[in-house]
Structure formats: structure tokens, C-alpha cells
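Structural overview
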Amino acid sequence: MRAAAFQKSLVSLFHKNPTLASAVIKGGLGSSVSDFPRNIFRASCHTMSQDSQFESPRTVVKKVLAKQQKEGEGATVRRSIGRMELRNLDPFLMLDEFYVSPPAGFPDHPHRGFETVTYMLQGAFTHQDFAGHKGTIGTGDVQWMTAGRGIIHSEMPATDGVNKGLQLWINLSSRDKMIEPRYQELPSEDIPTAEADGVEVRVIAGESMGVRSPVYTRTPTMYLDFTLKPRAQAHQPIPEDWTAFLYVIEGEGLFGTLNSPPAGAHNVLVLGKGDGLSVWNNGSKPLRFVLIAGQPLHEPVVQYGPFVMNSQAQIDQAIDDYQYAKNGFEMAKHWRSQS
Ligand code: FJE
Ligand code: FE
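Small disclaimer: the values here were computed from a predicted structure and weren't measured. For every chain, the first residue of the written sequence is number 1, and numbering continues from 1 onward in sequence order. Written order decides the labels, with chains lettered from A and ligands numbered from 1. Thresholds applied to this predicted model are a pLDDT of at least 70 for local features of residues and 80 or more for the giving and counting of side-chain atom pairs; totals over whole chains, interfaces and linings are not thresholded and use all residues. With hydrogens and water stripped out, all remaining heavy atoms of the structure feed into the side-chain values.

**Section: the overall build of the protein chain**
Runs of E in the DSSP output that reach at least two residues are strands. Runs of H or I that reach at least four are helices, and both are numbered from the N terminus. On a plain count of helices and strands, the protein chain comes out with three helices and 25 strands. A 1.4 Å probe rolled over the protein chains alone gives each residue an accessible area, and that area as a share of the maximum for its type sets the label: buried under 20%, exposed over 50%, partly exposed in between. Within the protein chain, the fraction of its 339 residues that count as buried is 58%. A separation threshold of at least 6 residues defines the contact pool for the protein chain, and within that pool the share at least 24 residues apart is 73%. Here the accessible surface of atoms and residues is derived via Shrake-Rupley with a 1.4 Å probe, and residues count as covered only by protein chains that are part of the display. On the protein chain, roughly 14600 Å² of surface is accessible, and the fraction owed to carbon and sulfur atoms is 53%. Between two residues, a contact is recorded if the distance between any of their heavy atoms is within 4.5 Å.

**A few points about the sheet that holds strand 23 (residues 287–294)**
Any two strands with at least two DSSP-identified bridges between them are counted as paired. With antiparallel pairing, seven strands are arranged side by side in an open sheet as 1-21-19-23-17-14-13. Taken across any chain shown, the strands that pair with only one partner, and hence form the sheet edges, are strand 1 (60–65) and strand 13 (193–196). When strand polarity is set aside, the average angle formed by the axes of neighbouring strands in this sheet is 20°. Of the strand pairs in this sheet, strand 19 (residues 243–250) and strand 23 are connected by seven bridges, and their pairing is antiparallel. Pairing of Leu246 across the sheet is with Leu291, part of strand 23. An axis is simply a line fitted to the C-alpha atoms; with a helix, the fit covers only the stretch in contact. Between two such axes, the angle follows the N-to-C directions and lies from 0 to 180 degrees.

**Considering the pairing of strand 10 (residues 151–157)**
Strand residues, when the strand is regular, have side chains that alternate between the two faces of the sheet. For strand 10, the tally of buried residues reaches six of seven residues, placing the bulk of the element in the interior. Pairing of strand 7 (residues 124–129) with strand 10, which is carried by five bridges, proceeds in the antiparallel orientation. In the sheet register, Phe125 faces strand 10, and the bridge partner there is Pro157.

**Some thoughts on empty space enclosed by the protein**
Buriedness of a pocket was judged along seven lines, with at least five required to meet protein on both sides within 12 Å; pockets are open sets of points on a 1 Å grid over the protein atoms alone, cavities are sets where a 1.4 Å probe fits but cannot get out, and lining residues have an atom within 4 Å of a point. Grid points are joined across faces, edges and corners, and a volume is the space filled by probe spheres set on the points. The tally for this structure, following the rule as stated, stands at four cavities of 30 Å³ or more. In this model, the second largest cavity occupies a volume close to 50 Å³. As for the second largest cavity, its lining consists of Thr118, Phe125, Thr126, His127, Ile137, Gln143 and Glu155. Take the lining of the second largest cavity: its biggest share by element is three residues, from strand 7. In the scheme used here, Gly and all other residues not listed as nonpolar or charged are polar, with Ala, Val, Leu, Ile, Met, Phe, Trp, Tyr, Cys and Pro taken as nonpolar and Asp, Glu, Lys and Arg as charged. Residues that form the lining of the second largest cavity fall into these classes: two nonpolar, four polar and one charged.

**A short note on the confidence of the model for the protein chain**
pLDDT gives the predictor's per-residue confidence on a scale running from 0 to 100. Mean pLDDT for the protein chain: 88, with 85% of residues reaching 70 or above. Per-element averaging of pLDDT across the protein chain places helix 2 (residues 40–43) at the bottom with 32 and strand 23 at the top with 99. With pLDDT under 50 throughout, residues 11–47 is counted as low confidence; its partners more than four residues away or in other chains account for 44 contacts.

**Details of the nonpolar core**
By convention a nonpolar core is built from buried Ala, Val, Leu, Ile, Met, Phe, Trp, Tyr and Cys residues, the set being connected through side-chain atoms within 4.5 Å. Leu166, Leu168, Tyr223 and Phe245 are the most contacted members of the largest nonpolar core, which has 28 residues in total. Mapped by element, the contributors of at least two residues to this core are strand 4 (92–100), strand 6 (114–122), strand 9 (142–146), strand 11 (163–171), strand 14 (199–205), strand 19, strand 21 (267–271) and strand 23. Excluding its chain neighbours within four sequence positions, the residues that come into contact with Leu166 are Leu95, Asp96, Glu97, Phe98, Val117, Thr118, Tyr119, Leu121, Tyr223, Tyr247, Ile249 and Val290. Val199, Ile238, Ala263 and Ala293 belong to the second largest nonpolar core, which has 26 residues in total.

**Quick notes on the sheet that holds strand 22 (residues 276–280)**
The strands making up a sheet are joined through hydrogen bonds of the backbone, oriented either antiparallel or parallel. Spatially, the three strands line up as an open sheet ordered 18-22-20, and their pairing is antiparallel. Of all strands in the sheet, those with a lone pairing partner are strand 18 (233–237) and strand 20 (254–255), marking the two edges. One ladder, built from two bridges, connects strand 20 with strand 22; its direction is antiparallel. Of the residues in strand 22, the one forming a bridge with Leu254 is Trp280.

**Remarks on the coordination of the iron ion (ligand 2)**
In this analysis a donor is any N, O or S atom within 2.8 Å of a metal ion (3.2 Å for sodium, potassium and calcium), and since water is not included, sites may seem incomplete. Around the iron ion (ligand 2), the protein contributes the donor atoms His109 (NE2), His111 (NE2), His153 (NE2) and Glu155 (OE), at 2.1 to 2.2 Å from the metal centre. Around the iron ion (ligand 2), the four donor atoms are arranged such that angles at the metal cover 83 to 179°; this shape is classified as irregular. Ordering the donors of the iron ion (ligand 2) by residue number gives the pattern H-x1-H-x41-H-x1-E. One end of the pair, His111, is in strand 5 (residues 106–111); the other, Glu155, is in strand 10, with 44 residues separating them in the sequence. Glu155 matches His111 in its accessibility class, with the two residues each being buried. Working rule for geometry: tetrahedral if four donors all subtend angles between 85 and 135 degrees; square planar for four, octahedral for six, if opposite donors exceed 155 degrees and the others stay between 65 and 115; irregular in every other situation.

**Some points on the packing of aromatic side chains**
Pairing of aromatic side chains here covers Phe, Tyr and the six-membered ring of Trp, requires ring centres within 6.5 Å, and sorts the geometry by plane angle: under 30 degrees stacked, over 60 edge-to-face, intermediate tilted. In total, this model carries ten aromatic pairs according to the counting rule given. An angle of 70° between the planes, with centres 5.5 Å apart, marks the rings of Tyr322 and Phe329 as edge-to-face. Given a relative accessible area of 22%, Tyr322 falls into the partly exposed group. Aromatic rings pair up to connect Phe98, Phe106 and Phe125 into one cluster.

Structure follows, in C-alpha cells:
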């Protein structure tokens, strides 16, 4: 196995770019929305009715295109949240759109202090962990993993074709960082769905269009997968003080206001404060995007690869616990994933 090389890359990757919230550069390289050239044709095309229905509509304050990079063992990801320009999105740490074909993947690696949410868009992924937990998630399925004090697992593609999905990392509060690990698996058919006026929403976490997800979110989180037919519009309330962003999967949409510039696939749009988001599909193809929001923790974030804690001392402890297989990593001693 090339797991050893991956282990090194797990740490070296983040070593070059440690996420210390106290040292994060705000603003950075992402272009601000006001810089975008206005599309005269779209902006003056008023065939779509109704502006935002909110008292203080959220608008796009930052747009960043996620470019492809290599990650894990030969896997390709488009990282949006977690890259240099998008570091300060409390409680969110990372969002990767991953594209993986065998033999590439994410072999044996640890996590501590946060949650990972894996949502399959195409193909399937198999995970195995050090506690004997093993499972495969396919298209439309979700695995919501609370790593808490410690998980060691492998995540590998399960079909020979392209295996594609989204992986989101959500931070845990200081009181939850060392809780017992837990999985919530949500097969596609158990994801509540609502449909009206050309809008379909799959409710992975939180509530939308009168339906609620059964997922328990330790850090309060909303995760909605919207598909809008051409000419459809959607208006989604979001708690006022939550951090919110969306990621476009396919098609093009107008987000926030009717005269915003259209945004397409692989863009992350960070939303400003407000009570809700309005979206219009004025394109000719379906628009699909995920809308993700969460209650900020307002705590220091110290990240070293797959360990996310509140202080450097806790990171040192995590590295020590992992190395000497203790405090949650006991089973690290002899466990290896099977291939
Ligand atoms: C990791 C490098 C990594 N994005 N998307 C460093 F590649 C990983 C890691 C993943 C990952 C796994 C899946 Cl299934 C999907 C991902 C990064 O495993 F955790 C660190 N620390
Ligand atoms: Fe992982």
C-alpha cells in the first residue's frame, strides 16, 4: 500500500498552509462581486417576475471558481472552502468536489475535532474504519460522520467509472471535539424531498419547503440540494446570523438579486448577512446547486491536516495520541484497511 506516502501528504499539504484562524488573511485573492462586468442583456431582461421576497435579502459578497488539484492518492478535487481565498467561513473548514477512479482514492487516514459530510453525485464510494464500520454509499446517498475524538478510515471509489461527490468539513465546538465518533447514513431514498413550481429540493440537513431532514447536526447546519427548471425561482429563508454559501453543480443561476451576474458550475458564492436567499434560473438548462449554512462557533481554529482543534497544545496532543494509539486512537495500533 502507498498509505505511508499518503500519510505524509496528509500532513505536508496542510503544513504548507496551516489554517490558524488568528492568522487568516481576510479578503485575499477572491474577486469581489462589484468587480464583475455587468451583463447588459441579462440585467435588462425582465421577463422573470418578482424580486427577492426577504426583508434583508442575502447577496453574494464573494465568488471563487474552484480549480482542480491533486489530493489523497492520485485523486482530483476542486477545493472551494478551505483554499487560501476562502479560509474564514466559520463553522466550515473545507468543501471539495471530488472526482476519483480506481486505483486513486483516500487510503487510511485519521480525523479529529470535526465532522465530514460526503454526498455522492455519481458512482459510489466505500469507507472502512478502524472500528470495523464499513459501508458503500452510491449516487444521492449521504454519509454524515462525526469524527469527534478520533476516526481512522479509508475512503475509496467503488466503481470503475468516475466516482464523484462533495465532501464538506464542519467544525465542532470545543465541547464537542472529543465526543465519541458517530455515523449518520442517509440513503438517497430517505432524503426528504419537496417539489413545487419547477423547484426540487433534497433536504440533507435542516428544513426547506415544509420538509425536514432527520440528520442531527451537532453544529447547527443547513444543507439543501436545489434543482430549478428553466424560468423557475426559489426563495429560501436562512437564519440571520448564520454563515452561508452555495456551490453550483450544473447550469447557471442568478443569486441574491435579479440583476446579479450569472454564476455557473464549480463556483462557490459566499453570501452576506440577511434573512434569506432568492435564486432565479433564467438559463435554458436545469440549475443545480447546494446551499449550505451553519451557526458560527466563534472559537480559535488550529488545523494540522486532518486534526482541527482550538490550540496548538491540543494539536500536539492529537499528533501524540495518533502516533502512540491512545485517547481515541487505540485501534490505530494494528488496524489496516482491506483492499
Ligand atoms: C485529508 C488530504 C486529503 N478531500 N474529498 C489531506 F486528501 C484528505 C482527504 C480528503 C477527501 C476524502 C474524500 Cl472521500 C473526499 C476529500 C480531502 O481524505 F483528509 C487530508 N487531511
Ligand atoms: Fe476522511
